[in-house]
Amino acid sequence: MAGSISERGIPADIADLTLAAEGRRRTEWAETEMPVTRKIAEQFARTKPLAGQRIAACLHVTTETANLMLALKAAGAQLRLCASNPLSTQDDVAAHLVKHHRISVFAAHGVNNRDYYRHINAALDFEPTITMDDGCDLVNTLHTGRRKLLPAVSGGTEETTTGVIRLRAMEADGALAYPIIAVNDALTKHLFDNRYGTGQSTLDGILRATNLLIAGRTVVVAGYGWCGRGFANRARGMGAHVIVTEIDATKAIEAVMDGFSVMPMLAAAPLGDIFVTLTGDINVIDLHHMKKMKDGAIICNSGHFDVEINIRGLKRAAKRRREVRAGVMEYELGKSRRVRVLVDGRLVNLSAAEGHPAAVMDMSFANQALAVEYLARQSRGMQPRVYAMPADLDERVARLKLKSLGIRIDKLTPEQRTYLDSYEHGT
């Protein structure tokens, strides 16, 4: 990593500023697939709704995120961006934002844990008025180690399921100091980003890391939330036999009725060829599961943090380990029993591939942009709790996306609207 730099007075800590030209090319490519975010950016450039706002954003530093940052800059915001995952940072994108757009970025691919949190603190150093988070690490750091900055913060947004879970725990404990909008829970986010984005990008990461044929293999999917649903269906579409493991009875019934086998992880362990966790919880695949797996089983995570697979326990138990392919670590647990973990249990779709396609992130980041604009106008009247994305903004994103695709839909007639609003009509 090049270390701290100051490009034309813009503080940053990135890997290599000379990568900026490639970052610009790739960011512009992604922008062609993000018409909704572009439309909002054009409006922001005219109205400047974020003038005077200082935004600290802890997100995956990718081409799609770069386009979100440019929309927020067009709105008049000052920005500092850091990474929400050490292995998802695209160094050329970080360089592009610093060199060509004078946006402070503190992120480099593969940084250690100390530098990861140093970057988060650097993003907080300019005393943000709004936070944007993906996983709650920035918000947690702000609440535990940088509490003197809290009075200046009017609100925040959260991008992912894991972060929303953590924030709701903070709210329940009375620890949350300012209002946060759960962008993840917007219909135009989790029904699309989580299902179609994670579904496709997880397969992409597995294929790039292993070059395995999916057809005919048994794939075990831990968790049948929207991410799990998306991946399970795409794995089946490529010819896999899919087993789902769950702790939620309703989701388990849904998986059964969607045509999947459902069983506990311990029962699935001897059957699977490829295991994927998509839960957000700890030790979903534990050592006793791995000891039951067949020789050569592939294990990876597409949930959030690198805690879903018990890597520490695996390292202690393994007789030896070796990297058998870039990003594929093989652990020998006994005679003829080896398991292979992809990218150290980090997010396989971002660490072994490029994350979600820009077309689906278009809706997610359009929600982020509109949520930040909403907070800039409304946060003074909001309590320190987790809020749903306003329904009218969610609907606006959906309509803008349909328009960008050239798709029209029906409208209710006055007669139909009257009927739906009335309780007087029966059978």
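Keep in mind the model is a prediction, meaning the values are calculated, not measured.

K.L.:
In this structure, what is going on with the overall build of the protein chain? I would like to understand it.
P.N.:
For the protein chain, the helix and strand inventory stands at 17 helices and 17 strands. Relative to the 2.2 N^0.38 estimate, which gives 22 Å for 427 residues, the radius of gyration of the protein chain is 22 Å and therefore close to what a compact globule would have. Each principal axis of the C-alpha distribution contributes one length, and for the protein chain these read about 70 × 65 × 45 Å. In the protein chain, buried positions account for 54% of the 427 residues. Put simply, of all contacts in the protein chain between residues at least 6 apart along the chain, 70% involve residues at least 24 apart. A total of about 19100 Å² of accessible surface is found on the protein chain, and carbon and sulfur atoms cover 50% of it.

K.L.:
Is there a simple way to think about the sheet that holds strand β11 (residues 261-262) in this case?
P.N.:
Note on sheets: strands pair through backbone hydrogen bonds, and any given pair is parallel or antiparallel. In space, the eight strands of this open sheet follow the order β11-β10-β9-β12-β13-β16-β15-β14, with mixed pairing throughout. Two strands in the sheet have a free side with no partner beyond their single neighbour: β11 and β14 (320-325). Of the strand pairs in this sheet, strand β12 (residues 274-277) and strand β13 (residues 297-301) are connected by four bridges, and their pairing is parallel. Bridging from a neighbouring strand, T277 pairs with N301 of β13. Along the sheet, helix α9 (residues 226-237) makes contact with β9 (218-222), β10 (241-245) and β12, crossing β9 at roughly 175°.

K.L.:
Help me understand the packing of helix α3 (residues 63-74) against helix α4 (residues 91-101) in this model?
P.N.:
Two elements in contact, α3 and α4, have axes separated by 9 Å at closest approach and are oriented at 25°. The pairing of α3 with α4 is recorded here as roughly parallel in orientation. Crossing of α3 against α4: the hand is right-handed. On the side of α3, the interface is formed by T63, A66, M69, L70 and K73, while α4 contributes V93, L97 and H101. Grouping the constituent residues of the contact of α3 with α4 by class yields five nonpolar, two polar and one charged.

K.L.:
What is the right way to look at a positive patch on the surface in this model?
P.N.:
A contiguous patch of positive charge, built from R312, K315, R316 and R321, is present on the exposed surface. Ranked by residue count, the leading element in the positive patch is helix α13 (residues 311-317), at three residues. Residue position: R312 is located in helix α13. Owing to a relative accessible area of 68%, R312 belongs among the exposed residues under this scheme.

K.L.:
I'm lost on the pattern of salt bridges in this one. Help?
P.N.:
A pair can form between side chains of opposite charge whenever their charged atoms are brought close. Per the counting criterion, the structure on display carries 23 salt bridges. A salt bridge links K401 to D362; its shortest N-O distance comes to 3.1 Å. Linking K401 in helix α16 (residues 391-404) with D362 in helix α15 (residues 358-378), this pair joins segments that are 39 residues apart in sequence. If you follow the salt bridges from partner to partner, you end up with R26, D92, D204, R208 and E354 in one network.

K.L.:
So what exactly am I meant to see when it comes to the packing of α15 against α16 here?
P.N.:
The geometry of a pair of packed helices is captured by two quantities: the angle between their axes and the separation between those axes. The geometry of α15 relative to α16 is characterised by a closest axis approach of 10 Å and an angle of 140° between their N-to-C directions. Taken together, the axes of α15 and α16 are oblique relative to one another. The handedness of the crossing between α15 and α16 is right-handed. Residues A359, D362, M363, A366, N367, L370, E373 and Y374 of α15 touch α16, and the partners they reach there are L393, D394, R396, V397 and K401. Here the residues of the contact of α15 with α16 sort into seven nonpolar, one polar and five charged.

K.L.:
I'm lost on the environment of G52 in this one. Help?
P.N.:
Tracing the sequence through the fold places G52 in the loop between α2 (35-47) and β3 (54-59). Note on G52: relative accessible area 56%, which makes it exposed. Note: C-alpha distance between G52 and A376 (324 residues apart in sequence) is 9.7 Å.

K.L.:
I tried to follow the side chain of T62 on my own but got confused; where do I start?
P.N.:
With respect to the helices and strands, the residue T62 is situated in the loop between β3 and α3. On the basis of relative accessibility, which here comes to 5%, the residue T62 falls in the buried class. A polar contact is formed between the side chain of T62 and the side chain of E64, at a distance of 3.1 Å. Not counting residues within four places of it along the chain, the set of residues in contact with T62 comprises S88, Q90, V93 and L350.

K.L.:
Sorry if this is basic, but what is going on with the pairing of β13 here?
P.N.:
Counting buried residues along β13, five of its five residues qualify, which places the element largely inside the surrounding structure. The alternating pattern of β13 places A297, I299 and N301 on one face and I298 and C300 on the opposite face, and all of these are buried. Here three bridges tie β13 to strand β16 (residues 337-342), and the two strands are oriented parallel to one another. Among the inter-strand pairings, A297 is bridged to a residue of β16, identified as V339.

K.L.:
Just checking my understanding: could you explain unusual backbone geometry for this structure?
P.N.:
Excluding glycine, most residues fall at negative phi; most peptide bonds, likewise, are trans. Non-glycine residue C136 carries a positive phi angle of around 80°. In this fold, C136 is placed in the loop between β6 (130-133) and α6 (137-145). For C136, a relative accessible area of 1% translates into the label buried. One non-glycine residue, S336, adopts positive backbone phi at about 60°. Summarising the element assignment, S336 is placed in the loop between β15 (328-334) and β16. Since its relative accessible area comes to 56%, S336 is described here as exposed.

K.L.:
Would you mind showing me how to read the pairing of β16 here?
P.N.:
Two faces make up the sheet, and in a regular strand the side chains alternate between them. Taken together, the six bridges between β15 and β16 define a ladder with antiparallel strand orientation. If you follow Y331 over to β16, its bridge partner there is V339. The turn joining β15 and β16, which pair antiparallel and follow one another in sequence, is formed by two residues; a positive phi near 60° is taken by S336.

About the cut-offs
- Residues numbered from 1 in each chain as written.
- Predicted model: local features only at pLDDT ≥ 70, side-chain atom pairs only at ≥ 80, totals over all residues.
- Heavy atoms only, no water.
- Helix = DSSP H or I, 4+ residues; strand = E, 2+ residues; numbered from the N terminus.
- Rg over C-alpha atoms; globule rule 2.2 N^0.38 Å.
- Buried < 20%, exposed > 50% of the residue type's maximum accessible area, 1.4 Å probe, protein only.
- Contact = heavy atoms within 4.5 Å.
- Areas by Shrake-Rupley, 256 points an atom, 1.4 Å probe, with all protein chains shown as cover.
- Pairing = 2+ DSSP bridges.
- Axes fitted to C-alpha atoms, helices over the stretch in contact; angles between N-to-C directions.
- Parallel < 35°, antiparallel > 145°, perpendicular 65-115°, else oblique.
- Left-handed = near helix turned anticlockwise from the far one by under 90°.
- Nonpolar A, V, L, I, M, F, W, Y, C, P; charged D, E, K, R; others polar.
- Patch = residues over 30% accessible without salt bridge, like charges linked within 9 Å, V, L, I, M, F, W, Y side chains within 5 Å.
- Salt bridge = Lys/Arg side-chain N within 4 Å of Asp/Glu carboxyl O.
- Lys, Arg positive; Asp, Glu negative; His and termini not counted.
- Charge placed at Lys NZ, Arg CZ, Asp CG, Glu CD.
- Polar contact = N/O pair within 3.5 Å; in protein donor to acceptor, adjacent residues only side chain to side chain.

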